[in-house]
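Given next are the chains, with one letter for each unit.
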Amino acid sequence: MPTLRTTCPGWICAFACAFGSLLFSPQSAAINDYSLPNLGAASTSASNEEYRLGRAWLRQFRAQAPQWQDPIVSDYLESLIARLAPYSQISDLRTITVMVDSRSLNAFAVPGGVVGVNSGLFAFAEDEGAFVSVLAHELGHLSQRHYARGSARAAQTQLPAMAAMLAGMLIAASGGGDAGMAAAMGSQAALIQDQLTYSRLFEQEADNIGLQAMAEAGYDPQAMVRMFAAMQRMARLQGNAPPEFLLTHPVTDNRLSAAQSRAAQLNVADSYTSDILYDMMRARALLSIHSNTPQQAATRLAQEGAEDVAQRYLGALIEARNGQVDSALQHLDQLASEQPDYAMLPTSAAMVAFEAGRYDDAIQRSQRLLRLMPNYLPAQLSMAEAQLQRDPQAAYTLLRDITARNPENPQGFNLLAEAAGRSGFNGWGHLARAEYLQLTGRVDSGIRQLTIARDAAQRENDTLALARIEQRREAFLEYREALEKF
């Protein structure tokens, strides 16, 4: 396989998709034969095990793959998932998103409700409907529990293949590069060849669920057909080196035809589109991908017919990158005045002010927005970062609330650890550091950090912190046990 020239090493993103495909393959049904969670029993216990397994996988993934840290886009992605989920035959599933810093076209879903996308998916999908179609398909995989379903014959092949996949990931992560990729993809290829019929059935099932969910959520299901056609053209152009998503989600003529036929039968509910908002998210993605040559991002956005608001927004972000802070803030304020419904605009301005070292301005801008939208996470995080430079105690109070509401957010705990340390709450600070470590796949380090947190809390005679630390120690040990399943 040729070396992939992407923002991150190509093998990382391919592993995400390849591993996701294995999780959805029929072979997974017999995992319990190897002392792994039994996912074929009663639905409630199976769901709990899948949730536990998915969160453990996510921690390992965070430790391996370069994350795209953008609270604004992350909040947008979560809003799309929340809109689609009620129509995706998903019941009681606590979804969580992860974004990968890679220009490669890829998205994946992992048991337990983990949905991931590359920044490259935003770059490839030119409108919100196309982007949503991929999310709807992945939610279809989750709702039908393709990880847990399959044939008894798979018991002889699934675990060795998964072990080889994970071994390949470790080789590649430690510098093996193509060797690791070859090991992983080779083991997967045998399974795909052996179970191709099942894979096609799963893909068609996920397509049908996704198309229905799109229509009921107010999106035109024809957008999935257009997205598939675009992917098929890309695959034909790239020949033997298609994007990672198409390695495990091949778009055949039959699949395209079936999707087109199904989409034609569906009636769209109250139409819902937000192309201005999506184009602004694309602007952020393209700027991340072309971080060294931001004008390329602007050129591409213009050539692909993005809304004028999004092009002006990207222009302001580029101005800020170039040190033209006053002009950037003026343009962002003008856009916010014209488009008052988009909270990301004043939040972007607050972030620009913070990056320029204008901490008081960043605090004031964040405060104004939070009076109207007190739980808007991007503005909360922007506010906390600025407060760290002016009033660590206030940042500590805010971040305690943020992390309580968002216990799977590593950035929140990372900031909380700093705020607690600066405010003299050392026990809580070390506890927050431990949470950050375990969320990013370093559970053993997190457990050691809990010992440091306990000693600090004892010195401070903080009984509440001590009780919380002991409670979390039990949870951390369970996390480590789940990680050992891999």
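Residues numbered from 1 in each chain as written. Predicted model: local features only at pLDDT ≥ 70, side-chain atom pairs only at ≥ 80, totals over all residues. Heavy atoms only, no water.

(A) Looking closely at the pairing of strand β3 (residues 114-118). The buried count for β3 comes to five of five residues, which makes it a mostly enclosed element. Alternating positions in β3 separate into two faces, Val114, Gly116 and Asn118 on one and Val115 and Val117 on the other, with burial throughout. In this structure, strand β1 (residues 96-100) lies alongside β3, joined through five bridges in parallel fashion. Within β3, the position partnered with Thr97 by the bridge is Val115. Counted between consecutive antiparallel strands, the loop separating strand β2 (residues 107-110) from β3 contains three residues, among which Gly112 sits at a positive phi close to 95°. (Buried < 20%, exposed > 50% of the residue type's maximum accessible area, 1.4 Å probe, protein only. Helix = DSSP H or I, 4+ residues; strand = E, 2+ residues; numbered from the N terminus. Pairing = 2+ DSSP bridges.)

(B) Looking closely at the confidence of the model for the protein chain. In this model, the protein chain carries an average pLDDT of 81, and 77% of its residues clear a pLDDT of 70 or more. Per-residue pLDDT stays below 50 along residues 1-46; that stretch engages in 136 contacts with residues further than four places along the chain or on separate chains. Predicted confidence is poor over residues 150-198, with pLDDT under 50, and the contacts of this stretch with residues over four places away or in other chains come to 78 contacts. (pLDDT = per-residue confidence, 0-100. Contact = heavy atoms within 4.5 Å.)

(C) Structural context of unusual backbone geometry. The phi angle at Gln89 is positive, at roughly 60°, despite the residue not being glycine. Counting through the fold element by element, Gln89 comes out in the loop between α3 (71-84) and β1. Given a relative accessible area of 54%, Gln89 falls into the exposed group. Positioned with a positive phi, Asn461 is a non-glycine residue whose angle comes to about 55°. By the secondary structure assignment, Asn461 is in the loop between α22 (443-459) and α23 (463-484).

(D) Structural context of the side chain of Ser119. Mapped onto the elements, Ser119 comes out in helix α4 (residues 119-124). Dropping the residues within four chain positions of it, Ser119 is found in contact with Trp68, Val100, Asp101, Ser102, Arg103, Ala285 and Ile289.

(E) Inspection of the layout of surface pockets at higher detail. Size it by volume and the largest pocket reaches roughly 790 Å³. Among the elements of the structure, α2 (43-64), α3, β1, α18 (377-390) and α20 (410-423) are those that each provide at least two residues to the lining of the largest pocket. A per-element tally of the lining of the largest pocket places α3 first, with five residues. Its residues placed into classes, the lining of the largest pocket shows 14 nonpolar, 10 polar and nine charged. Counting contributing residues per domain, the lining of the largest pocket is built from domain 1 (48-148 + 196-264) and domain 3 (403-485), each supplying no fewer than three. Considered as a void within the structure, the second largest pocket measures approximately 670 Å³ in volume. In terms of lining, the second largest pocket is formed by 20 residues, of which the most central are Asp70, Arg284, Arg321, Met351 and Glu355. When contributions to the lining of the second largest pocket are tallied by element, the ones reaching two or more residues are α12 (275-289), α14 (308-321), α16 (344-355) and α18. For the lining of the second largest pocket, the element with the highest residue contribution is α16, accounting for five residues. (1 Å grid on protein atoms, 1.4 Å probe; cavity = no way out; pocket = protein on both sides within 12 Å on 5 of 7 lines; lining within 4 Å. Points joined across faces, edges and corners; volume = space filled by probe spheres on them. Nonpolar A, V, L, I, M, F, W, Y, C, P; charged D, E, K, R; others polar. Domains from an automatic or database assignment.)

(F) Structural context of the nonpolar core. The biggest cluster of nonpolar side chains holds 121 residues, and the ones touching the most others in it are Phe122, Phe131, Met231, Met280 and Met344. Other than its neighbours up to four places away in sequence, Phe131 contacts Leu77, Leu80, Val117, Leu121, Phe122, Ala125 and Tyr278. Judged by nonpolar contacts, the second largest core, of 10 residues, contains Ala65, Val98, Val110 and Val114. (Core = buried A, V, L, I, M, F, W, Y, C linked by side-chain atoms within 4.5 Å.)

(G) Main features of the packing of aromatic side chains. Within this structure, the stated rule accounts for 11 aromatic pairs. The interplanar angle of 45° and the centroid separation of 6.4 Å between the aromatic rings of Tyr76 and Tyr278 together place this pair among those described as tilted. With Tyr76 in helix α3 and Tyr278 in helix α12, this pair connects stretches of sequence that are 202 residues apart. The pair Tyr76 / Tyr278 is uniform in exposure class, with both members buried. Measuring from centroid to centroid gives 4.5 Å for Tyr396 and Phe425, while their planes differ by 10°, and the two rings are stacked. In this pair, Tyr396 is assigned in helix α19 (residues 392-405) and Phe425 in the loop between α20 and α21 (426-439), connecting sequence segments 29 residues apart. Taken together, the ring pairs in this structure connect Trp68, Tyr76, Phe122, Phe131 and Tyr278 into an aromatic cluster. In this structure, Arg59 is placed above the aromatic ring of Tyr479, and the distance from its NZ or CZ to the ring centre is 4.9 Å. Here Arg400 stacks its cationic end above the ring of Trp428, 4.1 Å away from the centre of that ring. (Phe/Tyr/Trp six-rings, centres within 6.5 Å; stacked < 30°, edge-to-face > 60°. Lys NZ or Arg CZ within 6 Å of the ring centre and 35° of its normal.)

(H) Broad picture of the pattern of salt bridges. This structure, assessed with the given rule, holds 22 salt bridges. Across the pair Glu304 and Arg300 runs a salt bridge, and its minimum N-O distance is 3.0 Å. Its relative accessible area of 24% is what places Glu304 among the partly exposed residues. Between Asp308 and Arg312 there is a salt bridge, with its nearest N and O atoms 3.7 Å apart. Of this pair, Asp308 and Arg312 both sit in helix α14, four residues apart, which is roughly one turn of the helix. You can call Arg312 partly exposed: its relative accessible area is 32%. (Salt bridge = Lys/Arg side-chain N within 4 Å of Asp/Glu carboxyl O.)

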